Amino acid sequence: MLQNLKTPAIVVVVIAVIVGYFYSQVDWESRAIRKQFQALTEVVEKDGPVSTFEALSRSRRLSGFFTEPVSVEYFRGRFLPRDLDAMGAGFLAAWGQVDAASVNVVRHELELQAGGQEARSLVTLRCRVVVGGRDQMRDTLKYQITWQKVEGTWRIQRIFPVD
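Keep in mind that this is a model prediction, so the values were computed, not measured.

1. Regarding the nonpolar core
- Ranked by size, the top nonpolar core spans 27 residues in total, and within it Phe66 and Trp147 carry the most contacts.
- Among the secondary structure elements, those contributing two or more residues to this core are α2 (28-44), α3 (52-63), β1 (66-75), α4 (84-97), β3 (100-112), β4 (118-131), β5 (134-150) and β6 (153-161).
- In this structure, Phe66 is in contact with Leu40, Val72, Leu84, Met87, Arg155, Ile156 and Ile159, ignoring residues within four places of it in sequence.

2. Quick word on the confidence of the model for the protein
- Averaged over every residue, the pLDDT of the protein is 85; the share at 70 or more is 85%.
- Least confident of the elements in the protein is helix α1 (residues 2-25), whose mean pLDDT is 60; most confident is β6, at 95.

3. Some details on unusual backbone geometry
- Across the junction of Glu68 and Pro69, the peptide omega takes the value 0°, indicating a cis bond.
- At Glu151, a position not held by glycine, the phi torsion is positive, near 50°.
- Along the chain, Glu151 turns up in the loop between β5 and β6.
- We classify Glu151 as exposed; its relative accessible area is 80%.

4. Some remarks on α2
- For α2, which comprises 17 residues, the first-to-last C-alpha distance of 25 Å matches the rise-based estimate of 24 Å (1.5 Å per residue) to within 8%.
- Here α2 has its buried residues at Ser30, Ile33, Gln36, Phe37, Leu40, Thr41 and Val43. Down the axis, α2 shows its buried residues gathered within 160° of arc, on one side only. Seen from the buried face of α2, the exposed residues on the opposite side, beyond 90 degrees, are Arg31 and Lys35.

5. Quick look at the packing of aromatic side chains
- Tallied over the entire structure, the rule returns three aromatic pairs.
- Pairing Phe91 with Trp95 gives two aromatic rings, centres 5.4 Å apart and planes at 25°, and the pair type is stacked. Taken together, the positions of Phe91 and Trp95, both in helix α4 and four residues apart, correspond to about one turn of that helix. Each member of the pair Phe91 and Trp95 is classed as buried.
- Stacked on the ring of Trp95, the Lys or Arg Lys46 has its end atom at 4.8 Å from the ring centre.

6. Points about the environment of Gln36
- The topology assignment puts Gln36 in helix α2.
- Classification of Gln36 by relative accessible area gives buried; the value is 16%.

7. Considerations on the pairing of β4
- Two strands pair when backbone bridges link them, and β3 and β4 are joined in this way by 12 bridges, in the antiparallel orientation. Looking at the pairing, Asn104 lines up with Arg126 of β4.

8. Examining the side chain of Arg58
- Of note, Arg58 is situated in helix α3.
- The exposure class of Arg58 is buried, given its relative accessible area of 14%.
- A distance of 3.2 Å separates a polar atom in the side chain of Arg58 from the backbone oxygen of Glu42.
- Once you skip the residues sitting within four places of it in the chain, Arg58 turns out to touch Glu42, Val43, Glu45, Phe91 and Trp95.

9. Points about the packing of α2 against α3
- Contact pair α2 / α3: the axes reach a minimum separation of 9 Å and the direction vectors enclose 150°. Judged by the inter-axis angle, α2 sits roughly antiparallel to α3. For the pair α2 and α3, the crossing hand works out as left-handed. From α2, Leu40, Glu42, Val43 and Val44 reach across to α3, where they touch Arg58, Arg61 and Leu62.
- Here the residues of the contact of α2 with α3 are counted per class, giving four nonpolar, no polar and three charged.

Calculation notes
Residues numbered from 1 in each chain as written. Predicted model: local features only at pLDDT ≥ 70, side-chain atom pairs only at ≥ 80, totals over all residues. Heavy atoms only, no water. Core = buried A, V, L, I, M, F, W, Y, C linked by side-chain atoms within 4.5 Å. Buried < 20%, exposed > 50% of the residue type's maximum accessible area, 1.4 Å probe, protein only. Helix = DSSP H or I, 4+ residues; strand = E, 2+ residues; numbered from the N terminus. Contact = heavy atoms within 4.5 Å. pLDDT = per-residue confidence, 0-100. Expected span 1.5 Å × (residues − 1). Arc of directions from axis to C-beta. Phe/Tyr/Trp six-rings, centres within 6.5 Å; stacked < 30°, edge-to-face > 60°. Lys NZ or Arg CZ within 6 Å of the ring centre and 35° of its normal. Pairing = 2+ DSSP bridges. Polar contact = N/O pair within 3.5 Å; in protein donor to acceptor, adjacent residues only side chain to side chain. Axes fitted to C-alpha atoms, helices over the stretch in contact; angles between N-to-C directions. Parallel < 35°, antiparallel > 145°, perpendicular 65-115°, else oblique. Left-handed = near helix turned anticlockwise from the far one by under 90°. Nonpolar A, V, L, I, M, F, W, Y, C, P; charged D, E, K, R; others polar.

Here it is in structure tokens:
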């Protein structure tokens, strides 16, 4: 009887060790930042007309991705408001004019800073915006993002374009 239990017990222990090893190899902070950035891109994407309620909801969710104050330079020398309420209002105004918008993350390099409370990303994005039924912008953009961990959640502190 003991011999019959020995083999399954050894198999379970080996599997537990292997799973534990792989679990310990996952960089959970990097994974959380990438997930947060993906959620942000989903908020700003638009496939067609949306209700006012949906637009307001997205505007409100947008502010949850940033620290306050935040510095967002979307093109060289062009900044969004540092105040999150003003940023949300600007988002609503701009988003209302857009028929469709898509953001594809081509590359996302990430470096955690010592202490685990700050990080830096270098992201390459392929963006497309449709206004008035035709393409107005299709471009590949590269940004550096500074992240800060606030109450357990990674938030963007600064974004600026890089060449």
